[in-house]
Amino acid sequence: MTKAPYYAPSGGLPPQTQLLTDRAVFTEAYAVIPKGTMTDIVTSNIPFWSNTRAWVLARPLSGFAETFSQYIMEVGPGGGSARPDTDPNAQAVLFIVAGTLTLRIGNDIHTLSSGGYAYLPPDCAWSVTNEGKDSVKFHWIRKSYQWVEGIDAPAPFVTHETDATTIAMPDTDDKWATTRFVDPGDMAHDMHVNIVTFQPGGVIPFAETHVMEHGLYVLEGKAVYRLNQDWVEVEAGDFMWLRAFCPQACYAGGPGPFRYLLYKDVNRHMPLTR
């Protein structure tokens, strides 16, 4: 497996001489959290995790995006958790961006490196440790599972992005493709976490306007993204958070590929009551 050039935050704090002007923005339709905001003083601690800190990129907010949370976890040597999630209905995707993570699912042990991907269903017995000498950094995306009578929850699985299926969008000359870790037709899954890749000059050629909420973390490259009525420059390490029906499109800027980790909620009726 080839180690991908994923971006991961390193923390720290800007100097006192730095200007305050930045690209961070929060609107009624979208938010942009640039990589420069991911400093030491905005990290969070999570119960039952040792030698660990988290950058919280998204959490359910009433009237905004409501279905998921997303963290970048940084686990130091010897750190981890035997009780990572206290919510039995929470499902999770882990995606490794730096270092090596040991994941235990029941009696099975997996070693995940950069590009490694794990799906963990609700009420799954899992734990993680960092058995290496360097910190490991990974995305942890959580969603409360929406049960449907007659459909069982998915089984856990572990894979790597190089082993997943990449499908080019039609009529794009392979400039826009999606790496899928789950079959879109599998109704057991109520969320997808994919990798979207644009080659330099690739575009989303219309303003997508749809019911799915999104979290987009830029793994590599740069682009100009259309969010609602605004054009926003984004680069590796930036995070975009889109509520349902926010119009969206992009131009990939080059010189290399533009790639992002994409969350969306799928395969369920729209709730009519809360």
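Keep in mind that what you see is a predicted model, and the values were worked out from it rather than measured. (Residues numbered from 1 in each chain as written. Predicted model: local features only at pLDDT ≥ 70, side-chain atom pairs only at ≥ 80, totals over all residues. Heavy atoms only, no water.)

A. Spotlight on the overall build of the protein. Looking only at helices and strands, one finds zero helices and 20 strands in the protein. Rg of the C-alpha trace for the protein: 18 Å, near the compact-globule value of 19 Å for 274 residues, within the 12% margin. Its C-alpha atoms put the protein at 55 × 50 × 40 Å along the principal axes. Within the protein, the fraction of its 274 residues that count as buried is 49%. Sequence-distant contacts, at least 24 apart, represent 72% of the contacts inside the protein between residues at least 6 apart. (Helix = DSSP H or I, 4+ residues; strand = E, 2+ residues; numbered from the N terminus. Rg over C-alpha atoms; globule rule 2.2 N^0.38 Å. Buried < 20%, exposed > 50% of the residue type's maximum accessible area, 1.4 Å probe, protein only. Contact = heavy atoms within 4.5 Å.)

B. Main features of the sheet that holds strand 16 (residues 222–227). Strand order across the open sheet formed by three strands is 17-16-19, with antiparallel pairing between neighbours. Edge positions in the sheet fall to strand 17 (230–235) and strand 19 (248–252), since each of these pairs with one other strand and no more. With direction set aside, neighbouring strand axes in the sheet form an average angle of 25°. Here strand 16 runs beside strand 19; their pairing, made up of five bridges, is antiparallel. Directly across from leucine 227, in strand 19, lies its bridge partner glutamine 248. (Pairing = 2+ DSSP bridges. Axes fitted to C-alpha atoms, helices over the stretch in contact; angles between N-to-C directions.)

C. The arrangement of the sheet that holds strand 12 (residues 165–168) in detail. Strand order across the open sheet formed by eight strands is 1-2-18-15-20-14-13-12, with antiparallel pairing between neighbours. Looking at the sheet topology across the chains shown, the edges are occupied by strand 1 (25–26) and strand 12. Summarising the sheet, strand 2 (residues 30–33) and strand 18 (residues 239–242) pair through four bridges and their orientation is antiparallel. By the bridge assignment for strand 18, tyrosine 30 is matched with leucine 242.

D. Local environment of the nonpolar core. In this structure, Phe68, Phe95, Val193, Tyr217, Leu219, Trp241 and Leu261 are the most contacted members of the largest nonpolar core, which totals 29 residues. Counting residues per element, the ones that place at least two in this core are strand 3 (50–58), strand 4 (68–81), strand 5 (90–98), strand 8 (116–120), strand 14 (191–198), strand 15 (214–220), strand 18 and strand 20 (258–265). The dominant element in this core, judged by the number of residues it contributes, is strand 5, at four residues. The residues touching leucine 261, leaving out its near neighbours within four places in the chain, are Gln70, Phe95, His139, Ile141, Val193, Asn194, Ile195, Gly215, Leu216, Tyr217 and Leu219. With 24 residues, the next largest nonpolar core counts Val32, Ile204, Leu227 and Leu242 among its residues. (Core = buried A, V, L, I, M, F, W, Y, C linked by side-chain atoms within 4.5 Å.)

E. Structural context of unusual backbone geometry. With omega at 5°, the peptide bond leading from glycine 254 into proline 255 counts as cis. Examined against the element boundaries, proline 255 turns out to sit in the loop between strand 19 and strand 20. Phi at aspartate 171 takes a positive value of approximately 60°, unusual for a residue other than glycine. One can find aspartate 171 in the loop between strand 12 and strand 13 (176–180).

F. Up close: the packing of aromatic side chains. The tally for this structure, following the rule as stated, stands at 20 aromatic pairs. Note on phenylalanine 26 and phenylalanine 64: the rings are 4.8 Å apart at their centroids and 35° apart in plane angle, and the pair reads as tilted. In this pair, phenylalanine 26 sits in strand 1 while phenylalanine 64 sits in the loop between strand 3 and strand 4, placing the two residues 38 residues apart along the sequence. Look at phenylalanine 64 and you get buried, because its relative accessible area is 7%. With a centroid separation of 4.1 Å and an interplanar angle of 25°, the aromatic rings of phenylalanine 68 and tyrosine 263 are classed as stacked. In this pair, phenylalanine 68 is assigned in strand 4 and tyrosine 263 in strand 20, connecting sequence segments 195 residues apart. Phenylalanine 68 gets classed as buried once you look at its relative accessible area, which sits at 1%. Assessed through its relative accessible area of 0%, tyrosine 263 is described here as buried. An aromatic cluster is built from Trp49, Tyr71, Trp126, Phe138 and Trp140, whose rings are joined through pairwise contacts. Positioned above the aromatic ring of tryptophan 140, the side-chain terminus of arginine 142 is 5.8 Å from the ring centre. (Phe/Tyr/Trp six-rings, centres within 6.5 Å; stacked < 30°, edge-to-face > 60°. Lys NZ or Arg CZ within 6 Å of the ring centre and 35° of its normal.)

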